[in-house]
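As a plain string of letters, each chain reads:
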Amino acid sequence: MKRGFPILAIITGLLLSFALYEALIAAPTEQTMGNVQRIFYYHVPSAWTAFLLFLINFVASVTYLIRRDVKADILALTTAEVGVVFCTVVLVTGPIWARPVWGIWWTWDLRLTLTLVLWLIYVSYLMLRRFSTSGQTPVLAAVLAIFGALDVPLVYFSIWFFRTQHPSPVIGGGGSLDPRMAHVLLINWAAFLCLAWLLCWTRYQLELVKREIEDAQARESLVEGTR
Amino acid sequence: MSFLAITRATLAKDVRLEWRSKDAINSMLFFALLVVVIFSFSFDPTAEESRRIAGGLIWVAFLFAAVVALNQTWARELRNQVLDAYRVSPAPANPLFLAKAFGNFIFVGVLEAVMTPLFIAFYKLRALGPAWELAPIAALGTWALVVNGTFFAAMSLRTRSREIMLPLLLFPLSIPALLGMVNATTAVLTGEESARFWIALLVAYDVVFTIACLLLFETVLEAE
């Protein structure tokens, strides 16, 4: 495990630099939007990564409630934190692109709203974890994660009722994407996934050590108390 | 004691306590009144405009006011360790939750019954659509607020600064419900479109989260 970390770090570094080159220089310029379109190579992979992390968070939360496995809880915490970071990237890059192309910073469209609501839910999840005082934080957080997951389809349907303005999904949405662009997109996604993995790994180890220290301190004070 | 008996006993106790102290209802009423007056000052709408915005205003006012009542739901049980006593008793958790949720439903319902005429007077409202639909919308919307509100109030008991924690947990999850209530109310008031879809959405929201709350409440209650 320990040896894998520098390898993953190197791979991530190389992939990110290559993806940067591909996105900014190698990818063809979009006909109507021009260079602004290149933000797409960061926006879309961030979104996919964030959604994947939130999905892992949900699975880990359910696992924690069933098995009460500490590792599942740490995984849930880690993926939620890193997921919020990537989701923030999506919410920041989106308007930067939308302003020159749509002429507006924001619109209450299906995907935009869904992403924003997801972000809000997961920020409230992290706040609960921060503010919770009892030793039962993992249970409460896992319950909230399940509520959040239940909320997503309802948000989806409530906003689906309005017409949607967002360009339809590029992969599996019937849209056509230049194969070279798709290629760059996938390289970027691979790079972002590696980065997310690296971040989660670091955070996971950190949290593991932190809990070990807390346990040791608790045990120590217990020993001192009985003396 | 049976499920129903526990629910009834807890509900009766809460309603009696509220009837004698009127803590929650008074603070809610005054708070909602302030919101209505402030909104009315800051927008000063014509009858046509107010039809479009009243649905949003009325529900935002109720949402904020409901938080006042929801925050007090469990605080009362913390004094004298009532909640701990309940936890060690053999009574199941769900009747307690249902009683609390029904109690809040009644309190927020009273609030709505008092505030709605005021709203109508201040905003010169007259529904152009089928006005009877407002009754199921109000009932479903209120239940959507209180069922999750009661649940999250129990959850935020175990946090620092719990009074502020409740809205932070409740509001993000309530977005689809709020959209449903606001759009259904606006649809009825303007009479331009049918409120059916939004009512169906509220029904789905209520069903999903009532089941989720009942399944997970025991986990939250025992978490200590």
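Because the structure is predicted, anything quoted here is derived from the model rather than measured.

What chain A contains, in helices and strands, is 6 helices and 0 strands. When its helices and strands are written in sequence order, chain A yields α-α-α-α-α-α. The burial tally for chain A puts 31% of its 227 residues in the buried class. Counting contacts in chain A only where the partners sit at least 6 residues apart, residues at least 24 apart contribute 76% of the total.

Here we take up the overall build of chain B. Looking only at helices and strands, one finds 8 helices and 0 strands in chain B. In summary, chain B has a C-alpha radius of gyration of 18 Å against a globular reference of 17 Å for 224 residues, a match within 12%. With respect to the principal axes defined by its C-alpha atoms, chain B has extents near 55 × 30 × 30 Å. Split into buried and exposed, the 224 residues of chain B put 48% on the buried side. If you take every contact in chain B between residues at least 6 apart in sequence, the share linking residues at least 24 apart comes to 84%.

With 22 residues, helix α4 (residues 110-131) of chain A ought to run about 32 Å at 1.5 Å a step, and its terminal C-alpha atoms sit 31 Å apart, in line with that. Buried within α4(A) are the following residues: Leu112(A), Thr113(A), Val117(A), Leu118(A), Ile121(A), Tyr122(A), Ser124(A), Tyr125(A) and Leu128(A). Among the structural elements, α2 (40-67), α3 (70-102) and α5 (137-160) of chain A together with α7 (162-190) of chain B are those in contact with the buried residues of α4(A).

What follows deals with the packing of helix α2 (residues 23-43) of chain B against helix α5 (residues 93-122) of chain B. Residue and element names in this part refer to chain B. Where α2 meets α5, the closest approach of the two axes is 10 Å, and the angle between their N-to-C directions is 25°. Compared by their axis directions, α2 and α5 come out roughly parallel. Helix-helix and strand crossings are classified by hand; for α2 and α5 the assignment is right-handed. Of α5, the residues touching α2 (which contributes Ala24, Ile25, Met28, Leu29, Ala32, Val36 and Ser40) are Phe107, Val110, Leu111, Val114, Met115, Leu118, Phe119 and Phe122. Grouping the amino acids of the contact of α2 with α5 by side-chain chemistry returns 14 nonpolar, 1 polar and no charged.

Let us now look at the confidence of the model for chain B. Looking at chain B as a whole, the pLDDT averages 86, with 99% of positions reaching at least 70. Prediction confidence for the complex, expressed as pTM and ipTM, is 0.86 and 0.85 respectively.

For the rest of this paragraph, the subject is the nonpolar core. If you look at the biggest cluster of nonpolar residues, it comprises 125 residues, and the most contacted ones within it are Ala76(A), Phe62(B), Ala66(B) and Leu202(B). Viewed by domain, this core spans two of them, domain 1 (1-30) and domain 2 (37-164 + 198-216) of chain A, each represented by three or more residues. When near neighbours in sequence (up to four residues on either side) are disregarded, Ala66(B) contacts Val108(B), Leu145(B), Val146(B) and Gly149(B).

Conventions adopted
Residues numbered from 1 in each chain as written. Chains lettered and ligands numbered in written order. Predicted model: local features only at pLDDT ≥ 70, side-chain atom pairs only at ≥ 80, totals over all residues. Helix = DSSP H or I, 4+ residues; strand = E, 2+ residues; numbered from the N terminus. Buried ≥ 20, exposed ≤ 12 C-beta atoms within 10 Å, placed from the backbone. Contact = placed C-beta atoms within 7 Å. Rg over C-alpha atoms; globule rule 2.2 N^0.38 Å. Expected span 1.5 Å × (residues − 1). Axes fitted to C-alpha atoms, helices over the stretch in contact; angles between N-to-C directions. Parallel < 35°, antiparallel > 145°, perpendicular 65-115°, else oblique. Left-handed = near helix turned anticlockwise from the far one by under 90°. Nonpolar A, V, L, I, M, F, W, Y, C, P; charged D, E, K, R; others polar. pLDDT = per-residue confidence, 0-100. Core = buried A, V, L, I, M, F, W, Y, C linked by C-beta atoms within 7 Å. Domains from an automatic or database assignment.

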